[in-house]
Each structure stands twice: as C-alpha cells, then as structure tokens.
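Examination of the molecular architecture
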Amino acid sequence: MKIELLNYTPNAEETVAQAGKLCYSPVGVDEIKEKLDDESISKYVNMLADLGHMSPLEHVSFTFAAEGVSRTLTHQLVRHRIASYSQQSQRYVKLESFEYIIPPAIEADPKASEIFIAAMEADKKAYLDLTDILYEKNYEQMIADGMSENEAKSKAEKTAIEDARYIFPNACETKIVFTMNARTLLHFFKLRCCNRAQWEIRAMAFEMVKICKDIYPALFKNAGPSCVTGPCPEGKMTCGRMAEVRDLYNSL
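Presented here is an overview of the structure given in this document. Per chain, the residues get numbers from 1 upward, laid out in the order the sequence is written. In view of the model being predicted, local features appear only for residues whose pLDDT reaches at least 70, and side-chain atom pairs are presented and counted only at 80 or more, with totals across whole chains, interfaces and linings using the full set of residues. Derived side-chain values reflect all non-hydrogen atoms in the structure, with water molecules and hydrogen atoms excluded from consideration.

1. Comments concerning the pattern of salt bridges
Convention followed: Basic side-chain nitrogens of Lys or Arg form a salt bridge, by our definition, when they fall within 4 Å of a carboxyl oxygen of Asp or Glu. Partly exposed residues are those whose accessible area sits between 20% and 50% of the maximum for their type, while under 20% is buried and over 50% is exposed, using a 1.4 Å probe and protein chains only. Runs of H or I in DSSP of at least four residues are treated as helices and runs of E of at least two as strands, each being numbered from the N terminus.
Following the criterion strictly, the structure yields 14 salt bridges and no others. Of the charged contacts in the structure, one is a salt bridge between E4 and K2, with a shortest N-O distance of 3.9 Å. For E4, a relative accessible area of 37% gives the class partly exposed. Note that E157 and K94 form a salt bridge whose closest N and O atoms lie 3.9 Å from each other. Taken as a pair, E157 in helix α7 (residues 149-164) and K94 in the loop between β3 (84-87) and α5 (104-107) lie far apart in primary sequence, 63 residues in all. Under the relative-accessibility criterion, E157 is labelled partly exposed at 36%. When its relative accessible area of 24% is taken as the criterion, K94 is described as partly exposed. Through salt bridges with shared partners, a single ionic network connects R91, K158 and E162.

2. Things to note about the packing of aromatic side chains
Using the following cut-off: Aromatic pairs are defined between Phe, Tyr and Trp rings, using the six-membered ring for Trp, whenever the two ring centres lie within 6.5 Å; interplanar angles under 30 degrees are classed as stacked, those over 60 as edge-to-face, and all others as tilted. Counted as over-ring charges are cases with an Arg CZ or a Lys NZ within 6 Å of the ring centre that also lie within 35 degrees of the ring normal.
Going through the model one piece at a time under the given rule, you end up with 14 aromatic pairs. Both rings, one in Y8 and one in F62, keep their centres 6.3 Å apart while their planes meet at 15 degrees; by these two values the pair is stacked. Residue Y8 is located in strand β1 (residues 2-8), and its partner F62 is located in strand β2 (residues 61-70); the two are separated by 54 residues in the primary sequence. Judged by its relative accessible area of 35%, Y8 is partly exposed. Connected via pairs of aromatic rings, a cluster forms that spans Y8, F62, F188, F189, Y216 and F220. Lying across the ring of F98, K124 places its NZ or CZ 6.0 Å from the centre.

Everything listed here is a matter of geometry and, on its own, says nothing about what the molecule does.
Here it is as structure tokens:
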C-alpha cells in the first residue's frame, strides 16, 4: 500500500481561523487578518477543535493518491460522498497481469494462501482468455460492418475488456486519487480508524492521520477514531482497547 498526499490547502489553519472568527465578528476579513499571528491562529484552531465547531474546516482540502489497494477498499472509500474520486478504469485499461491484495490472515496460513493464489491466477487466465475470445468476435463483426481495420482493432479491444472485467475479484489491485475537506477527513477517521473497521481501509486511514497531523497538528489534534476524544460508540461491539487506542493516536 502506498498513500501519498498530492496537494493540500496552504495556510489552512490561518484560513480556518479567519472563517471561524468571521462567524462571530462585527468586522470584515481584512481586520481579522491584521490581528492574526501564528500564536493566535494555533490557539483559535485548537479551541475550534475542542468545541467541535466544524464548518470552518470545510474551507480547506487535501488530495491523496492511493496505490496497492484493493477494490474491496475503494468500494468502502467511495461511500464517503462529500469527496471527489478519480479511479483507474477497468473499462479502458487492459490489465494484462493484474496485481492482487492478499489479506494478512490468508497470507499467514500456507493452505489458505495456496488456495487464494490459485484462485487469483485462475482469474488472470480467465480474464485474458475472455478478452481474446471477445476481441476476435467483436473484430470480425466490426470489419463485417464496414469499419476500418485500425478502428475495429481499437474498439474491439475496448468492448472486450469492458465485459471481461466482470471476472475480476474484489482483491484486484487498483489506484485512486481522492480529495476531501478537513471536516470530511475527520469524520472519515472517526469511522475508519476504529478497530472494528475493515483492516485494509483502517491501515490506509492510519497512514493518512499521520500525514495530516504532521502538516497541521492543531487542525488534526483530535484525528482518529471516536474513542480518542470520547466514549466508544460501539456499545457491546467495542474492542475494549480504548486506552491503548488513545495512547496510539495521541502519540502521533
């Protein structure tokens, strides 16, 4: 798994402080800016984080790239709707030999790993075989319909992989770029950093928290699962490790 921050709002904590102060100020932005320095910005952003005043955080955004992740992960990721996504297409990109993600529990067991890898390799072969069969059929039909040879080759392959991709498993590796504002990120962390979250997206969320905290420590002082700042919301389903989790995220 590779998680990279591609871009983010510069001077984000200053922007958040300006937006937050404007809500309660009789003066305009110019006067607010004149009174802000690094110390007052940090103090104000910390106060906002403790109060839970979240709307000013929507004015700053972060763009991440994720590679070496599975379709299982991205199916969960895109459920966070207040975000923008650009994902590698299986419709337009022919995956000659697709990579796949092996869950650690399967990889740790020799018999389970053998079964899993055999299934993935069979999927690879089936994808290529299906692509070849569909390509030949589509190409012949397109030539018969009067299409030029070059155009028929291009379109025949596209339509072939469009259907052959149905054979791909959830384990298939994918790449995605996504942008979230800071408020959405904090909500994402609350859900996906929890020990009850699925292992792969939890690992990604943890790496993202480290990146965000390193850049804007005040803005993301409370980043992490819900139990970092309050009681566990999982009830009887709690992992029972709140103290350990809090220590982990507070040490970042």
